[in-house]
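Next come the chains, spelled out residue by residue.
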Amino acid sequence: MSPSTQTITLSNGVKMPVVGLGTWQSSPEEVIAAVKAAVKSGYRLIDTASGYHNEEAIGTAIKQLIEEGVVKRDDLFITTKAWTNQIAPGKLESALKESLQKLQLEYVNLYLAHMPAATNDDMSQQIASPVEDIWRQFDAVYKAGLTKAVGVSNWNNEQIGRALALGVTPVHNSQVELHLYFSQHDHVDFCKSHNVSVTSYATLGSPGRVNFKLPNGAKLEWAPAPSELQDAKVLSIAKKYNKTPAQVLLRYVVDRGIAIIPKSVNESRIKENFDIFDFSVSPEEIKKLEESKISQRLFAQDFMIGHPEDAFANERK
């Protein structure tokens, strides 16, 4: 089986590649080259979001790849996400159509609610829209054929359970922060018990998060966190398999049955992140890696504080 055909099957039968290219913090200029390099290296999943402000550039890259005969549209799995203002009442369908226009696509393969907390357009006001109402909008765009699958990002178990309890289109995928030092076993177990696939973001501990800038150019303050890339057990396994620490951290998650979307705009790093199919991390090695018992969420999503759908409210107590 070639790396590009390794997939996770969603509950509606859609097959999602297990490794994709993440594009958060990838500028429009960078992302065209990154997407083209990734697809030519074997990637078939590209993950973006309206909030990344690069859908248009990704659409350009996809169009060029198809025109060059590198891939067909059916070969690609494109994920995008609706931001907090777009999940507000009555906003979702037009938001998805706008994303499709930018991506130059008739459908996306997976559409996610980027957060469970709705806001107005400039995020200055929280909108108390319950996740049930948000999910009904996702049910509608799925049934309209605008996306092949629907899911959530940064939702907690209880919120996903409430969406599933509606009895409409089920949640097909949950994309969450998940890495060695934030292993999310409870969430993964919950999702697996309800036939919801899981995608990890920040799989490498997101070392690049410290470079993130707000639209006004300001940088955020990030809490200090130990580097997973320098973890002694990671380094030991990397040496054993003649792999890099990054490849071990990626494989650790894949071997737990979870999809990954590592971000890079560096062509050699893009290739390295995909070169993880010639070894595996055993259950015993996974246990060994997790012996440190470190548990640290890197992305607190503080803007949700005070919102009735703050997914991390219990963690903040």
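Reading the values: rules and limits
Residues numbered from 1 in each chain as written. Predicted model: local features only at pLDDT ≥ 70, side-chain atom pairs only at ≥ 80, totals over all residues. Heavy atoms only, no water. Helix = DSSP H or I, 4+ residues; strand = E, 2+ residues; numbered from the N terminus. Rg over C-alpha atoms; globule rule 2.2 N^0.38 Å. Contact = heavy atoms within 4.5 Å. Lys, Arg positive; Asp, Glu negative; His and termini not counted. Charge placed at Lys NZ, Arg CZ, Asp CG, Glu CD. Salt bridge = Lys/Arg side-chain N within 4 Å of Asp/Glu carboxyl O. Buried < 20%, exposed > 50% of the residue type's maximum accessible area, 1.4 Å probe, protein only. Pairing = 2+ DSSP bridges. Axes fitted to C-alpha atoms, helices over the stretch in contact; angles between N-to-C directions. Left-handed = near helix turned anticlockwise from the far one by under 90°. Nonpolar A, V, L, I, M, F, W, Y, C, P; charged D, E, K, R; others polar. Right-handed = clockwise from strand over helix to strand, strands pointing away. Expected span 1.5 Å × (residues − 1). UniProt positions renumbered as here; feature names shortened; annotations may be inferred. Polar contact = N/O pair within 3.5 Å; in protein donor to acceptor, adjacent residues only side chain to side chain.

Asks: Any details on the overall build of the chain? Residues and values, ideally.
Replies: Helix and strand content of the chain: 11 helices and 12 strands. In terms of overall size, the chain behaves like a compact globule, its C-alpha atoms giving a radius of gyration of 19 Å where 317 residues would be expected to give roughly 20 Å. Taken along its principal axes, the extent of the C-alpha atoms in the chain is 55 × 55 × 40 Å. A sequence separation of at least 24 residues applies to 74% of the contacts in the chain between residues at least 6 apart. Between the centroid of the 34 positive side chains of the chain and the centroid of its 37 negative side chains there is a distance of 4 Å.

Asks: Give a detailed account of the pattern of salt bridges, specifying residues and quantitative values.
Replies: Here the structure, examined in full by the defined rule, presents 21 salt bridges. One salt bridge in this structure joins Glu 93 and Lys 97, with 2.9 Å as the shortest N-O distance. You can see Glu 93 and its partner Lys 97 sitting in helix H3 (residues 92–103), four residues apart, about one turn around the helix. By relative accessible area, Glu 93 is classed as partly exposed at 40%. Residue Lys 97 is classed as partly exposed on the basis of its relative accessible area, which comes to 44%. A salt bridge links Lys 143 to Asp 139; the shortest N-O distance between them is 3.0 Å. Of the two residues, Lys 143 and Asp 139 are both situated in helix H4 (residues 131–143); the distance of four residues between them amounts to about one turn of the helix.

Asks: Can you explain the sheet that holds strand E12 (residues 259–260)? Please cite residues and give values.
Replies: Judged by pairing direction, the sheet is parallel, and its eight strands sit side by side in the order E3-E4-E5-E6-E9-E10-E11-E12 without closing on themselves. Taken across any chain shown, the strands that pair with only one partner, and hence form the sheet edges, are strand E3 (20–22) and E12.

Asks: Give me the packing of helix H1 (residues 28–40) against helix H2 (residues 55–67): which residues, what numbers.
Replies: The angle between the axes and the distance between the axes are what describe a pair of packed helices. Two numbers describe how H1 lies on H2: the axes approach to 8 Å, and their chain directions differ by 35 degrees. Both H1 and H2 take part in a crossing whose hand is right-handed. In contact with Pro 28, Val 31, Ile 32, Val 35, Lys 36, Val 39 and Lys 40 of H1, H2 contributes Ala 57, Ile 58, Thr 60, Ala 61, Gln 64 and Leu 65. Split by residue class, the contact of H1 with H2 holds nine nonpolar, two polar and two charged.

Asks: Residues and numbers for the pairing of strand E11 (residues 197–201), please.
Replies: Burial analysis of E11 places five of its five residues in the buried class, which makes it a mostly covered element. Of the two faces of E11, both are covered, the one formed by Ser 197, Thr 199 and Tyr 201 as well as the one formed by Val 198 and Ser 200. Inspection of the sheet shows strand E10 (residues 173–177) paired to E11 by five bridges, in the parallel sense. Paired with Gln 175 across the strands is Thr 199, a residue of E11. Following the chain from E10 across helix H6 (residues 185–193) to the adjacent parallel E11, one finds a crossover that is right-handed. In this sheet, E12 lies alongside E11 in parallel orientation, the contact comprising two bridges. Its bridge partner being in E12, Ser 200 is matched across the sheet by Ile 260.

Asks: A description of H1 should follow, citing residues and the corresponding values.
Replies: Its 13 residues place the ends of H1 19 Å apart at the C-alpha level, agreeing with the 18 Å of an ideal helix rising 1.5 Å per residue. Considered for burial, the residues of H1 that qualify are Val 31, Ala 34, Val 35, Lys 36, Ala 37, Ala 38 and Val 39. Contact partners of the buried residues in H1: E3, strand E4 (45–47), H2 and helix H9 (267–274). Following H1 by one or two positions, Gly 42 has its phi on the positive side, about 120 degrees.

Asks: Now, about the UniProt feature "binding site: substrate" (unreviewed entry) in the chain: what can you tell me, with residues and values included?
Replies: Taking the UniProt record as the reference, the feature "binding site: substrate" (unreviewed entry) is found at His 114. For His 114, the position within the fold is in the loop between strand E6 (110–113) and strand E7 (118–119). Using a relative accessible area of 8% as the deciding quantity, one classes His 114 as buried. When near neighbours in sequence (up to four residues on either side) are disregarded, His 114 contacts Ala 49, Tyr 52, Lys 81, Ala 82, Trp 83, Ser 153 and Asn 154.

Asks: Describe the side chain of Asn 173, with residues and values.
Replies: Of note, Asn 173 is situated in strand E10. Residue Asn 173 is classed as buried on the basis of its relative accessible area of 0%. Of note is the side chain of Asn 173, whose polar atom sits 2.8 Å from the side chain of Ser 197. Apart from residues no more than four positions distant in its own chain, Asn 173 is found in contact with Met 16, Leu 110, Leu 112, Val 150, Gly 151, Val 152, Val 196, Ser 197, Val 198 and Thr 199.

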